Amino acid sequence: MTLNLQNIIPILNANTNGVPEISEIDSVSIDSRSLQNGSGTLFFALAGPNYDAHAYIENLIENGVRNFVVTHIPEPLEGKAFFLIVENTLDALQQFAAYYRNLFHFPVIGITGSNGKTIVKEWLNFLLSPDYNIIRSPKSYNSQVGVPLSVISINENHNLGIFEAGISTVNEMVKLEPIIRPTIGLLTNIGSAHDEGFSNLGEKIKEKLKLFAHSDILIYHKNKTVEAFIVQKVKTFTWSCKDDTADVFIAKTSIVDKTMLKVSYAGKTFDIKIPFQDDASIENAIQCMMVLLHFGYSAEAIEQRMALLYPVEMRLKVKNGINNSTLIDDSYSSDFQSLKIALDFLESQKQYKKKTLILSDIFQSGLDTTELYSRVSQLVISNKINRVIGIGETISAFKSKFVNCITFKNTADFTAAFDTLSFGNETILIKGARSFEFEKIVLLLEEKTHETVLEINLNAITHNLNFYKSKLKPGTKMMVMVKAFGYGNGGFEIAKLLEHHQVDYLGVAFADEGISLKSAGIKLPIMVLNPETTSFQSIIQHGLEPEIYSIKGLKAFLQIARQKKLEHFPIHIKIDTGMHRLGFEENNLDELIGILKEHQSVKVKSILSHMATSDDLGFKDFALSQIALFEKLSSRMMSELDIDPIRHMLNTSGITNFPEAQYDMVRLGIGLYGISNDAAEQKHLENVGTLKSVISQLRTIPKGDSVGYGRRFVADKVTKIATIPIGYADGISRHWGNGTGFVVISNKTAPIVGSVCMDMLMVDVTGIPCKEGDRVVIFGENPTVNYMAERLGTIPYEVMTGISQRVKRVFYRE
Ligand SMILES: *Cc1c(COP(=O)(O)O)cnc(C)c1O
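Residues numbered from 1 in each chain as written. Predicted model: local features only at pLDDT ≥ 70, side-chain atom pairs only at ≥ 80, totals over all residues. Heavy atoms only, no water.

Here's the deal with the sheet that holds strand E4 (residues 27-29)
Argument step 1. Taken together, the five strands give an open sheet; going across it, the order is E2-E9-E8-E5-E4, and neighbouring strands pair in mixed fashion. Two strands close off the open sheet at either side, each with one partner strand: strand E2 (15-17) and E4. Taken pair by pair, the neighbouring strands of this sheet meet at an average axis angle of 20°, ignoring direction.
Argument step 2. Direction of pairing for strand E8 (residues 67-70) relative to strand E9 (residues 82-85): parallel, over a ladder of four bridges. The residue of E9 that forms the bridge with Asn67 is Phe82.
Argument step 3. On top of the sheet, helix H3 (residues 89-101) reaches E4, strand E5 (41-44) and E8; it is set at about 140° to E5, its chief contact. (Pairing = 2+ DSSP bridges. Helix = DSSP H or I, 4+ residues; strand = E, 2+ residues; numbered from the N terminus. Axes fitted to C-alpha atoms, helices over the stretch in contact; angles between N-to-C directions. Contact = heavy atoms within 4.5 Å.)

Points about the sheet that holds strand E12 (residues 160-164)
Argument step 1. Strand order in this open sheet of nine strands is E11-E12-E10-E13-E14-E15-E16-E17-E18, and the pairing throughout is mixed. Strand pairing shows two members of the sheet lacking a second neighbour, strand E11 (134-136) and strand E18 (268-274), which therefore form its edges. For this sheet the average axis-to-axis angle between neighbouring strands, irrespective of direction, equals 20°.
Argument step 2. Sheet analysis places strand E15 (residues 235-240) next to strand E16 (residues 248-255), joined by two bridges and oriented parallel. By the bridge assignment for E16, Trp239 is matched with Val248.

Focus on the domain arrangement of the chain
Argument step 1. Looking at the chain, the domain boundaries give domain 1 (3-89), domain 2 (104-306), domain 3 (317-445), domain 4 (457-673) and domain 5 (689-812).
Argument step 2. Taking only C-alpha atoms into account, the centre of domain 1 sits 31 Å from that of domain 3.
Argument step 3. Summing both sides of the interface, domain 1 and domain 3 together bury roughly 510 Å²; the carbon and sulfur share of this comes to 45%.
Argument step 4. Contact with domain 3 buries surface across domain 1, with Ser34, Leu35 and Gln36 losing the most and accounting together for 88% of the total.
Argument step 5. Counting every contact that joins domain 1 to domain 3 gives zero salt bridges.
Argument step 6. Remark: the boundary between domain 1 and domain 3 carries two residue pairs in polar contact (both at pLDDT 80 or more).
Argument step 7. For the side of domain 1 that touches domain 3, the per-class residue count stands at one nonpolar, two polar and two charged. (Domains from an automatic or database assignment. Buried area = accessible area lost by both parts, 1.4 Å probe. Salt bridge = Lys/Arg side-chain N within 4 Å of Asp/Glu carboxyl O. Polar contact = N/O pair within 3.5 Å; in protein donor to acceptor, adjacent residues only side chain to side chain. Nonpolar A, V, L, I, M, F, W, Y, C, P; charged D, E, K, R; others polar.)

Listed below in structure tokens is the structure:
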């Protein structure tokens, strides 16, 4: 992209302030944390309920960004950059994208629907890429922000666009339509997903169809419900497996591991085979075939290409690698757009200073290769990548564009040389086009794990964080509790994500937990709830901040502070208002205030208390009395010491039930991890952890045989038994066995039979199609941790934190 800044002003209907340093821009950004922002960047300062990018403009100016679209100029920055002032920055971004889209005149496929959008987009890209230079939405960039960003990446050499649009409520599609302006419309499966935003199915369909208002043709699965809402003027091209009045009629038969489709179209019939058997994949494949038919491909070409369809991996996964390394596995795609996204993700997750990029040849950039690898080299430099390992003939030819770079002709050459390349204490991004089979590289670099893993959805954590942020009054700070290894979900990775999202504080239970976070490079301030006197030295040394809850503890800390000649070292004063666990009581306050008055070595950074019944409105009066006492005691400290500390009192259920007591900060815990004590609120949270294992062995036992220790299960009929390698040593309660609990295999529940063993348990899979090696879900969406806790007579906190450290955690982002 090169666009003249002066031309953009009228399009955004903007007022300007300042003088542009350069007349042209070459990229657009909304992410202040991206290292890819440069002097040719036009930065749109978006603002939402939880986030306002105007706050980062000063920093961006320091880092060389010069052009900003804003709603207002932050105070001291007038004259320091060129500002385009608009009423709403998101609207401006969308207007800009729509304008940009209109500069190009090639066919554009617009995809919407409830399910399958991203897979259909990725498959179409695969099927059509031999013949077109395709620009497509990276990952599932289909939102009000994602769509404009996708479209802005079009360049002069593209000749086909594939973009997806996702909406969650009414009036969103009319904004996306002019940005995508599809010439070919594709409606995928309309399921019941995301129904909350619509009052009924009709409204949802009507809204989605707005994407095709100006399309030449609309492709969809013929059915009456959708048909009723289609406006007359758009030409349709339909398929069906039931209704032979559709343009294309399809008969399906399943054969080993594959599905055969007999396709009847325009008086001809032909067969194609696709390598899938599940309904969703078959439907998605047919949608793609319809596009190929519309483009006029021959039956032979369709047959050949469709046979090669593959499962789409949409996630960027973070895994533990060998020799203390962290892997970011994005081994299924390599295009310029998704490289940028992956590099931003690398920056947000990097655990080590050293960063390595393993990169294959890049296809379909729409740029000539010299230009392309110049840009890749720029990205590598701006993202401070220490080492590049290039794999492929093209990237090898451009080796000289990179500073520290080794190249290999192909993946086999790399694996042969693997032992001579040293990997360790670094973060490694593995990014390759499918044909390079980088999954082999991931296999080599991955730390070997046993089959049970706890998968952590980082998007869900972000979602839950934002949900609770949206409940806070403006200016209220957020401390997030990451004690007990992030409630069992992961320490460093979650802390790093929270740092990326700019929460204000982290809270841990013990000094050790804080030390390991600080040593891994976490910069956020960390409060230690339960500092032992013996850990004061290392608390100070690592810049942690202790909670002080007794006169004895305070004196011990002051003694060390004096020795070390500290000044104003931050401490947090805990007041006991009724929990009766830790904290100063009312009758300690005179002494406490007296001591604090005399000592300048410490500074009261915050005053806090903890509620005993915030989750149970049956005890509302008690909770209110705690809040009243906190108000009284903290106010007294503030006036007598003449200080202005951060005051905080609320945990997750406090945020829900006592919003009036937010004070200056809240302490979010379990809610971040997707669990609420309030059923209505639970619906707004996303599941974070999924505990998975596999079937180790299957057997069928006759009636009368027993399973496991003590013969506690006896089969009353012929029974198929699966053994799963997870037991009470992994944190699965023994009470979950003997028919109480179940696991989920192929979406079906399989009850646990007999007692849970130390490292294994057995389940009844009679009637469930499955084989050894198949995935088993222990908890996640079903059963939920909440459900398990209830059945076990405990609380979700105990189930979550009980999952042993020998279970590997795998983090991923959609
Ligand atoms: C654990 C803890 C929290 C968070 O509680 P949740 O119920 O998980 O939100 C807040 N404050 C203190 C002092 C805690 O110990």
